[in-house]
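# Fold and geometry: a report
Listed here are the chains, written in short residue letters.
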Amino acid sequence: MPEVLGKIEKPEVSQFKNGRKIFFVPLIVTPLEETSTITDLAAKYWREVAEQLNNLESKLSQIKRIYHELLPSEESVKQLAIMKIGSHHIVESLITNGAVISAIEDDDIMREFLDWNLCLSLQLQSPKVFSKLYASFQEIVRQRNEHIAKCINDTLEADEKAVLFMREGHHVQFPSDVQVFYVAPPTLDILQRTLREQQENEHKQRHDGESSPKF
């Protein structure tokens, strides 16, 4: 059985102030064509994230380091606003208060990861092709997770507090001495459910359109 190097804990902070800590924030990326409901929920979610991070800082200590997936360099933070990722307001505020961004992505690995994701989103007809694609995808996921874990271990200093913005289901194995607090505002479940419903409806509409007889 593989060794579990890190664990996610609820942010009930009756913990020690010493030690390396990461506040894990689920990164929610909304579709380009989002409904007004999703827009409002996303805005509420990020407000609640900011409030919870402020609460954690007040009980532990100031966040000194920022980790964010999809950013291959410290200079690429401006891409967050361009991509309309809601975390950019929090990142900008943390930087203003003295936090620094440490890149956790390797540019080549990240691009390959995104490309394999795109390939897997296609409606493939051959199980053999899908199997080969998925094997390549799993390999790049492994490389990416190992690179992210190494970057965190190499840059997170003793007793330092950091925030990590990353999508759930990543399977990154955090260093064993790093405590990870899961930031989960009340709106998170509602927003995720609404996004799933929109995705299912869009998929159904596409499927119905393809199944309709053409004259």
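Structure: above.
Residues numbered from 1 in each chain as written. Predicted model: local features only at pLDDT ≥ 70, side-chain atom pairs only at ≥ 80, totals over all residues. Heavy atoms only, no water.

## What to know about the overall build of the protein chain
Secondary structure assignment for the protein chain yields six helices and six strands. Ordered by position from the N terminus, the helices and strands of the protein chain form the series β-β-α-β-α-α-β-α-α-β-β-α. Looking at the protein chain residue by residue over its 215 residues, the buried ones come to 39%. Counting contacts in the protein chain only where the partners sit at least 6 residues apart, residues at least 24 apart contribute 83% of the total. When the accessible area of the protein chain is evaluated, it comes to approximately 13,100 Å², of which 53% is carbon and sulfur surface. (Helix = DSSP H or I, 4+ residues; strand = E, 2+ residues; numbered from the N terminus. Buried < 20%, exposed > 50% of the residue type's maximum accessible area, 1.4 Å probe, protein only. Contact = heavy atoms within 4.5 Å. Areas by Shrake-Rupley, 256 points an atom, 1.4 Å probe, with all protein chains shown as cover.)

## Thoughts on the packing of helix H4 (residues 107-120) against helix H5 (residues 127-155)
Look at H4 against H5: their axes get within 9 Å of each other, and the N-to-C directions meet at 150 degrees. Viewed along their axes, H4 and H5 adopt a mutual orientation that is roughly antiparallel. Here H4 and H5 pass one another in a crossing that is left-handed. Packed against H4, whose contacting residues are Ile109, Glu112, Phe113, Trp116, Asn117, Cys119 and Leu120, the element H5 presents Phe130, Leu133, Tyr134, Ser136, Phe137, Ile140, Val141, Gln143 and Arg144 at the interface. Grouping the constituent residues of the contact of H4 with H5 by class yields eleven nonpolar, three polar and two charged. (Axes fitted to C-alpha atoms, helices over the stretch in contact; angles between N-to-C directions. Parallel < 35°, antiparallel > 145°, perpendicular 65-115°, else oblique. Left-handed = near helix turned anticlockwise from the far one by under 90°. Nonpolar A, V, L, I, M, F, W, Y, C, P; charged D, E, K, R; others polar.)

## Side note on a nonpolar patch on the surface
Residues Leu122, Leu124, Val129, Phe130 and Tyr134 make up a contiguous nonpolar surface patch of roughly 430 Å² in combined accessible area. If you trace the backbone, Val129 turns up in helix H5. Given the relative accessible area of 40%, Val129 is considered partly exposed. (Patch = residues over 30% accessible without salt bridge, like charges linked within 9 Å, V, L, I, M, F, W, Y side chains within 5 Å. Salt bridge = Lys/Arg side-chain N within 4 Å of Asp/Glu carboxyl O.)

## What about the pairing of strand E3 (residues 65-68)?
Burial along E3 is two-sided: Arg65 and Tyr67 and Ile66 and His68, pointing in opposite directions, are all buried. Note that E3 and strand E4 (residues 100-101) share two bridges and pair parallel. Bridge pairing in E4 links Ile66 to Ile101. When E3 meets strand E5 (residues 161-166), the two strands line up parallel, connected through four bridges. Pairing of His68 across the sheet is with Phe165, part of E5. (Pairing = 2+ DSSP bridges.)

## Concerning the side chain of Glu48
Here Glu48 is to be found in helix H1 (residues 36-59). No salt bridge is formed by the buried Glu48; its nearest oppositely charged neighbour, Lys44, is found at 4.4 Å. Ignoring sequence-local partners within four residues, the contact set of Glu48 consists of Pro185, Pro186 and Thr187. (Lys, Arg positive; Asp, Glu negative; His and termini not counted.)

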